[in-house]
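# An overview of the molecular structure
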Amino acid sequence: MAQAAHAAEAPHSSTGIDSRKVLMWIFLASECLFFGSLIATYLVFKGDIPLPAPGFIEAHMHDGVVTGWFPTDRVVDGVEYAGVLNIPVTSASTFVLLMSSVAMVLAVYGAQNGRLKMMKIWLLATLLLGIIFLGFQVFEFHEFGAEGLNLATNQFGASFFVLTGFHGAHVTVGVLMLGSMLLASMRRTGLGPEAGFHVETIGLYWHFVDIVWIVIFTVVYLVPA
Amino acid sequence: MATAAGTLAAPAVQAPSGIWAWLTTVDHKRIGTLYGVSGMVFFVVAGIEALLIRSQLAVPNGEVVDADLFNALFSMHALTMIFLGVMPLGAAFFNWLVPLMIGARDVAFPRLNALSYWIFLSGALMLNASWLLGGAPDTGWFAYAPLTENTYSTGRSMDFYTVSLIILGTSSLIASLNFIVTIINLRAPGMTMFRLPVFVWMTMIVAWLLVLSLPVLTVGLIQLYFDRNFTTNFFIPDGGGDPVLWQHIFWIFGHPEVYVLILPAMGIVSEVLPTFSRKPLFGYGAVVFAGISIAILGFAVWSHHMFTTGLGPVPRVVFSATTMTIAVPTGVKIFNWLGTLYGGSIRFTTAMYFAVGFIATFTVGGISGVMHASPPIDTQQQDTYFIVAHLHYVLFGGAIMGIFAGVYYWFPKFTGRFLSEGMGKLHFWLFFIGLNVTFFPMHFLGVSGMPRRIYTYDAGLGWETWNFVATLGAFTIAAGMAVFLWNFFRSMREEPSAPDNPWDAPTLEWATSSPPPEHDFDVVPVVRARDPVWYDRDHGIAPPEPDPHEHIHLPPPSYYPLLIGVGFTLIGIGALSHLALVALGAVVVIYGIWGWTLEPTGAEPAAGGH
């Protein structure tokens, strides 16, 4: 095509990196500030959770233990509180998300090396692991709600649900992108000659969302108040 | 040229007029025009709001508007000027000039570029729709909690505020990503980073500021929306929340935003001064690095807006020091502009009047800024008219004067026509005198204790004279704007007569026709020096001949950006009414993205992302 004559004059990219990939990297820089602000809000309120009003204690007392107020177990003024955070369960969901990143790497490998069946299998695996992670999150939110923690309960509830909720929304967007990619790869033309590039760029997003979860898991679940 | 026309003969690409062509355009020049016209319309709207404010304050116990309307007027004046006036006017210049200045045929993502405009328009209309649907936001553009919470703001006005600003932020984020990638990746051969025109550097710095500060505001707006609609207590003290957290979040965005408003004007002035001094910009490297320093420091000064919230001595000292430090790179720029003028062969065109006026009035605002970088002085000046004087010297005397310098300078390039120099100079003097008469007395009012945001005042407080003078100044500015609009419409009726490079300017946009063809350049230029047009002129290098075999591929028009914009609008309306509409909007957005992805662009890979 005559395009080649043009290409000789104007390079596709001054840096040699595809513009779409540069866009994704800069977008992720912006996302760092987004999650940074949500995490900062969580940290501002983390050490400063007041005791519940007596009405709450009566309403949420089960077998002498109050639920749905503090993130972790503690005893204050002789009242025993059970922490809502279930570290073993969330460790499992974290493991699932980490494994989805492994699957994503394998999908990228398959796409870049023309092994389309491998790419599709691992795209599907990434997608399913992402959905399982979201399932864990739905379960967790439901459990916390049942114990009495909601957006209005206290600052822990508000900042926890908004932070992890927006992370879950990002995972959902990732799942939609993976699903779209998988559907597109099943067309007669597949993902076309740029399959490796497309899968890799979505992979950047997926790994980023995974890394954010590792930070959230550390800050919210592992670091004591 | 003939060859280019041959390729452009595809009917879909050529459709030059008609509403559908504008709705589906992905041409950076047309999108720039859309931004420019929208920005001017909202600039006038915000100006009318300002005139109402000044009319109310002209005499003691004024009765032009009541207290509630006054609150809405000053809030909407700020929001409209900042988000719907100055920012889109800056975006108009980014869109028009960045591809031309770096020797590209469009931005990296033409359809994303269209999308950012449609989302902008959606947010702008939504914010102003609040006037008709239960009241405009009336808590100031900074919207301090807990005044913005349900207890004190009972209507929907603050929901309009949060939703519109999230939508406008989305638009700015998309546009900023696009411009950073364009500047990094679409430079013509030989256009190294340190040959980029200073305006392009300032565009990239602005885009980085927005990319890194908008998400912080978005989080604050989401939290405020949740407080008002989903029972959280982020900023409500009674529920354990922290109103000062809102102030931190807002100003971590809000201070970089100040540089988002002023840096485009600094970039424009850095192009206008060398052309009309007939010598290269003095200290190019220093000007660029000063811009970068301002951007970095801009993220480290936000708490100077909060000296009176009781931060304690250490933060006050630190933020005072960082704030004063910003005066250094700003001063570097001012000295470099003066150095550019020094010894130059100066032509005093209207653009040059505005650029030199910019230096003078912006410096006044900069100096008063250093004054309240000092916490004890700030404690005196906080919430007085002294601050109003300062910020208007920086934003009107700075940003607006710079933008009009750009309007007069690039008008021949944008339209092929000249604005009348005589009327232009009348416009300049009305603006320059008007702004000083309006805003300088506010220093005196502030020092004598007149608070900001009061809707009226009693006689006998010593504020009558200067308030009346300020109001006279405001109407002088309005007269200047009327002269400009008359000048604009008069010029647009004339036949295009502008040559390619009427000012003998050094940058690449002047190397193509006025107005440029749809594909910008018949031949992608090769850049050999920092001021490429002057270099080629001085070294007798003739413009390259078009290659008769070259086919220029332009991205075809697309209605998907508009469709996705409609989806965003539905999400916004849903967030203000019924959540089912949010779901519908999300479906439209997802459908739009699918269609977008699968749409054949016919573009060369150089256009990059789609």
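Quick note: structure is the one above.
Our subject in this report is the structure included herewith. Bear in mind that the values here come from a model prediction, so they are computed numbers and not experimental data.

## Some thoughts on the overall build of chain A
Of the regular secondary structure elements, chain A holds 7 helices and 4 strands. Along chain A, from the amino end to the carboxyl end, the secondary structure elements read α-α-α-β-β-β-β-α-α-α-α. Compactness check: chain A gives a C-alpha radius of gyration of 22 Å against a globular reference of 17 Å for 225 residues, more than 25% above the reference. The buried share among the 225 residues of chain A stands at 37%.

## Section: the overall build of chain B
Helix and strand content of chain B: 19 helices and 0 strands. The globule rule puts the C-alpha radius of gyration for 610 residues at 25 Å, and the 24 Å found for chain B is close to it. Across its three principal axes, chain B shows a C-alpha extent of roughly 75 × 60 × 50 Å. With 610 residues in all, chain B has 57% of them scored as buried. Put simply, 82% of the contacts in chain B that link residues at least 6 apart link residues at least 24 apart.

## A short note on helix 18 (residues 560-576) of chain B
All names here are of chain B. The end-to-end C-alpha separation of helix 18 is 24 Å, in line with the 24 Å expected for 17 residues at 1.5 Å each. Where burial is concerned, most of helix 18 is hidden: 12 out of the 17 residues are buried. Among all positions of helix 18, only Tyr 560, Pro 561, Ile 564, Gly 565, Gly 567, Phe 568, Thr 569, Leu 570, Ile 571, Gly 572, Ala 575 and Leu 576 are buried.

## A short note on the sheet that holds strand 2 (residues 65-66) of chain A
Residue and element names in this part refer to chain A. Taken in spatial order, the 4 strands line up as 1-2-4-3 in an open sheet, and their pairing is mixed. Only two strands of the sheet have a single neighbouring strand rather than two, namely strand 1 (61-62) and strand 3 (74-76). Sheet topology places strand 3 next to strand 4 (residues 79-81); 3 bridges connect them, and they run antiparallel. If you follow Arg 74 over to strand 4, its bridge partner there is Tyr 81.

## Some points on the interface of chain B and chain A
Counting residues at the interface gives 41 residues for chain B and 36 residues for chain A. Elements represented by at least two residues in the side of chain B that touches chain A include exactly helix 7 (157-185), helix 8 (198-229), helix 9 (243-277) and helix 19 (579-598) of chain B. Sort the elements by how many residues they give to the side of chain B that touches chain A and helix 8 of chain B lands first, with 8 residues. Residues of the side of chain B that touches chain A, tallied by class, amount to 23 nonpolar, 13 polar and 5 charged.

## Quick look at the packing of helix 9 of chain B against helix 14 (residues 385-415) of chain B
Residues and elements named next belong to chain B. With their axes 8 Å apart at the nearest point, helix 9 and helix 14 run at an angle of 45 degrees to one another. In terms of their interaxial angle, helix 9 and helix 14 are classed as oblique. Judged by the twist between their axes, the crossing of helix 9 over helix 14 is left-handed. Contact with helix 9, carried on its side by Leu 261, Ile 262, Ala 265, Met 266, Ile 268, Val 269 and Val 272, involves Val 394, Leu 395, Gly 398, Ala 399, Gly 402, Ile 403, Ala 405, Gly 406 and Tyr 409 of helix 14 and no other residues of that element. The residue makeup of the contact of helix 9 with helix 14, split by class, is 13 nonpolar, 3 polar and no charged.

## Notes on the packing of helix 6 (residues 110-129) of chain B against helix 7 of chain B
Residue and element names in this part refer to chain B. Look at helix 6 against helix 7: their axes get within 8 Å of each other, and the N-to-C directions meet at 160 degrees. On the basis of their axis angle, the class for helix 6 and helix 7 is roughly antiparallel. Helix 7 is crossed by helix 6, and the crossing has left-handed handedness. Contact residues: helix 6 offers Leu 112, Asn 113, Leu 115, Ser 116, Ile 119, Phe 120, Ser 122, Gly 123, Met 126 and Leu 127, while helix 7 offers Phe 160, Val 163, Ser 164, Ile 167, Leu 168, Thr 170, Ser 171, Ile 174, Ala 175 and Asn 178. Class assignment of the residues belonging to the contact of helix 6 with helix 7 gives a composition of 12 nonpolar, 8 polar and no charged.

## Side note on the environment of Leu 576 of chain B
Residues and elements named next belong to chain B. Its location among the elements puts Leu 576 in helix 18. A residue is classified by how many C-beta atoms lie within 10 Å of it, and Leu 576, with 20 of them, is buried. Ignoring sequence-local partners within four residues, the contact set of Leu 576 consists of Arg 156, Asp 159, Phe 160 and Val 163.

## What about helix 7 of chain B?
With 29 residues, helix 7 of chain B extends 42 Å from end C-alpha to end C-alpha; this agrees with the ideal 42 Å at 1.5 Å per step. In terms of burial, helix 7 of chain B is a largely internal element, 28 of the 29 residues being buried.

## Focus on unusual backbone geometry
All names here are of chain B. A cis amide bond links Ala 145 with the next residue in sequence, Pro 146, at an omega value of 0 degrees. In this fold, Pro 146 is placed in the loop between helix 6 and helix 7. The omega torsion across Ser 514 and Pro 515 is -10 degrees, close enough to zero to call that bond cis. You can see Pro 515 is positioned in the loop between helix 16 (464-492) and helix 17 (532-538). A positive phi angle, near 65 degrees, is found at Thr 231, a position not held by glycine. Within the fold, Thr 231 resides in the loop between helix 8 and helix 9. For Thr 231, a count of 15 C-beta atoms within 10 Å corresponds to the partly exposed category. One non-glycine residue, Asp 383, lies in positive phi territory at about 60 degrees.

## Thoughts on the environment of Ala 505 of chain B
Residues and elements named next belong to chain B. Position of Ala 505 relative to the elements: it lies in the loop between helix 16 and helix 17. Its 22 C-beta neighbours within 10 Å are what place Ala 505 among the buried residues. Spatially, the C-alpha atom of Ala 505 lies 16 Å from that of Ala 542, the residues being 37 residues apart in sequence. Apart from residues lying up to four places away in sequence, Ala 505 is in contact with Thr 275, Trp 510 and Val 533.

Rules behind the numbers
Residues numbered from 1 in each chain as written. Chains lettered and ligands numbered in written order. Predicted model: local features only at pLDDT ≥ 70, side-chain atom pairs only at ≥ 80, totals over all residues. Helix = DSSP H or I, 4+ residues; strand = E, 2+ residues; numbered from the N terminus. Rg over C-alpha atoms; globule rule 2.2 N^0.38 Å. Buried ≥ 20, exposed ≤ 12 C-beta atoms within 10 Å, placed from the backbone. Contact = placed C-beta atoms within 7 Å. Expected span 1.5 Å × (residues − 1). Pairing = 2+ DSSP bridges. Nonpolar A, V, L, I, M, F, W, Y, C, P; charged D, E, K, R; others polar. Axes fitted to C-alpha atoms, helices over the stretch in contact; angles between N-to-C directions. Parallel < 35°, antiparallel > 145°, perpendicular 65-115°, else oblique. Left-handed = near helix turned anticlockwise from the far one by under 90°.

These results come straight from atomic positions and should not be treated as a statement about function.
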